[in-house]
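Residue-level structural notes
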Amino acid sequence: MLNDYPQVVTIAGSDSDGSAGMQADLLTFFAKQVYGATIITACVSGNSFGIHAGVNMSADFISQEFKDLANDFHIRAAKTGMLADADIINTVANNYEKYDFGPLVVDPVIITKHGDMLLEHAAYETLVQRLIPLAEVLTPNFFEAVKLSGLDPDLPDFQAQAAHQLQKMGARNVMVKGRHDQDNQTTVTDYVLLENGDSFEMTEPYYETTHKNGTGDTLSAAITAELGLGKSVETTIRNAKKYVDACIKNGINVGHQFGPINHWATK
Ligand SMILES: Nc1ncnc2c1ncn2[C@@H]1O[C@H](COP(=O)(O)OP(=O)(O)O)[C@@H](O)[C@H]1O
Ligand SMILES: Cc1ncc(COP(=O)(O)OP(=O)(O)O)c(N)n1
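The structure contained in this document is the topic of the report that follows. (Residues numbered from 1 in each chain as written. Chains lettered and ligands numbered in written order. Predicted model: local features only at pLDDT ≥ 70, side-chain atom pairs only at ≥ 80, totals over all residues. Heavy atoms only, no water.)

Take the pairing of strand 1 (residues 7-15) next. Taken across its 9 residues, strand 1 has 8 buried, putting it largely inside the fold. As paired elements, strand 1 and strand 2 (residues 35-47) share 9 bridges and run parallel to each other. Bridge pairing in strand 2 links Asp15 to Val44. Handedness of the crossover is the feature at issue here: the chain leaves strand 1, passes through helix 1 (residues 21-31), returns alongside strand 2, and the resulting connection is right-handed. Where strand 1 meets strand 4 (residues 75-80), 5 bridges bridge the pair, whose relative direction is parallel. The residue bridging Val9 from the neighbouring strand is Ala78, located in strand 4. (Buried < 20%, exposed > 50% of the residue type's maximum accessible area, 1.4 Å probe, protein only. Helix = DSSP H or I, 4+ residues; strand = E, 2+ residues; numbered from the N terminus. Pairing = 2+ DSSP bridges. Right-handed = clockwise from strand over helix to strand, strands pointing away.)

Here it is in structure tokens:
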């Protein structure tokens, strides 16, 4: 007998240290009990000290990956991660529009929390024009929300205003993740604006740890997995936040500087 698991796909970069990128996505898909396929856009080489080299896949190769999956699989939800440049964004948008891969979670990956650039500056406009309108759920971190919305991060209600701005730019549901770079911080608050105009905040403790690579990928992959399982957008976002919180809280001892989170964690 063959068991049935929903099939989902991550359209993202490979990160050699396994802490982020499609490796974090696949670990999350496995933990969430969905089958994960991959459309690889780029490969970066690095370790817990940072990223040291990278190569991008060609547009033809990425299109072939889409075609091969579409010809054989029933993909029920998809997410994007590192897309590297405008050419790759256009290729991904064109192919996503061509095939039925279910709802799209767009994690607008621009820079890692350690300062490594994963998207060319010249590609921001393409991200806005081509990908944000395709997003069922858009999950910018605080920095990405500043870049994409153009709003002043010091506004007292910056996250809410940015979420509304990004929704006007075409994303159906927007989660603007909270800052976690401030002195004496005790909590992190993410802000969510749903398609119907409802909004809510999610606050969890702030964990002071060197092991938090891949948090954004894990969150967006968990949302994708549960969309693939047929859950509502609000439920997937709430559950994803709980999952990533557990993954950060119960760390694992891997790497000598900035390590991964723990995808085995459940609470
Ligand atoms: N140190 C931390 N303590 C608690 N929660 C965190 C911490 N770092 C990130 N998070 C949470 O992890 C999720 C991913 O956010 P973030 O790390 O900002 O994304 P990205 O990896 O895209 O920069 C969010 O829900 C955020 O609130
Ligand atoms: C290939 C690749 N490498 C690194 C990242 C960054 O992961 P993310 O979860 O977005 O951010 P950090 O929390 O690790 O800074 C990526 N998306 N893709």
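Going through the model one piece at a time under the given rule, you end up with 1 cavity of 30 Å³ or more. Counted as a void, the largest cavity has a volume near 30 Å³. Tallied by class, residues from the lining of the largest cavity come to 7 nonpolar, 2 polar and 1 charged. (1 Å grid on protein atoms, 1.4 Å probe; cavity = no way out; pocket = protein on both sides within 12 Å on 5 of 7 lines; lining within 4 Å. Points joined across faces, edges and corners; volume = space filled by probe spheres on them. Nonpolar A, V, L, I, M, F, W, Y, C, P; charged D, E, K, R; others polar.)

Per the stated rule, a full pass over the model turns up 10 salt bridges. Linking Asp25 and Lys79 is a salt bridge whose minimum nitrogen-to-oxygen distance equals 2.8 Å. Residue Asp25 is found in helix 1, and its partner Lys79 is found in strand 4; the two are separated by 54 residues along the sequence. Exposure remark for Lys79: the relative accessible area of 0% places this residue in the buried category. (Salt bridge = Lys/Arg side-chain N within 4 Å of Asp/Glu carboxyl O.)

Before going further, it helps to spend a moment on the site of ligand 2. Taken together, 17 residues sit near ligand 2, with Asp15, Lys113, Gly214, Gly216 and Asp217 positioned nearest. Take Lys113: an N or O atom from its side chain is 2.4 Å from an oxygen atom of ligand 2. In this structure, an oxygen atom belonging to ligand 2 sits 3.3 Å away from a side-chain N or O atom of Thr215. When ligand 2 is considered free in solution it has 430 Å² of accessible area, and contact with the protein chains removes 94% of it. Taken together, the elements giving at least two residues each to the shell around ligand 2 come down to strand 1 and helix 7 (215-228). Partitioned by chemical class, the residues of the shell around ligand 2 number 5 nonpolar, 8 polar and 4 charged. (Near = heavy atom within 4 Å. Polar contact = N/O pair within 3.5 Å; in protein donor to acceptor, adjacent residues only side chain to side chain. Areas by Shrake-Rupley, 256 points an atom, 1.4 Å probe, with all protein chains shown as cover.)

Moving on, we come to the layout of surface pockets. Of the voids in this model, the second largest pocket is the one considered here, and its volume is about 330 Å³. Lining the second largest pocket are 19 residues, and of these Leu27, Ala31, Tyr243, His263 and Trp264 lie nearest its centre. Ranked by the residues each element gives to the lining of the second largest pocket, the list is headed by helix 1, at 3 residues. Looking at the lining of the second largest pocket residue by residue, the class counts come to 11 nonpolar, 4 polar and 4 charged.

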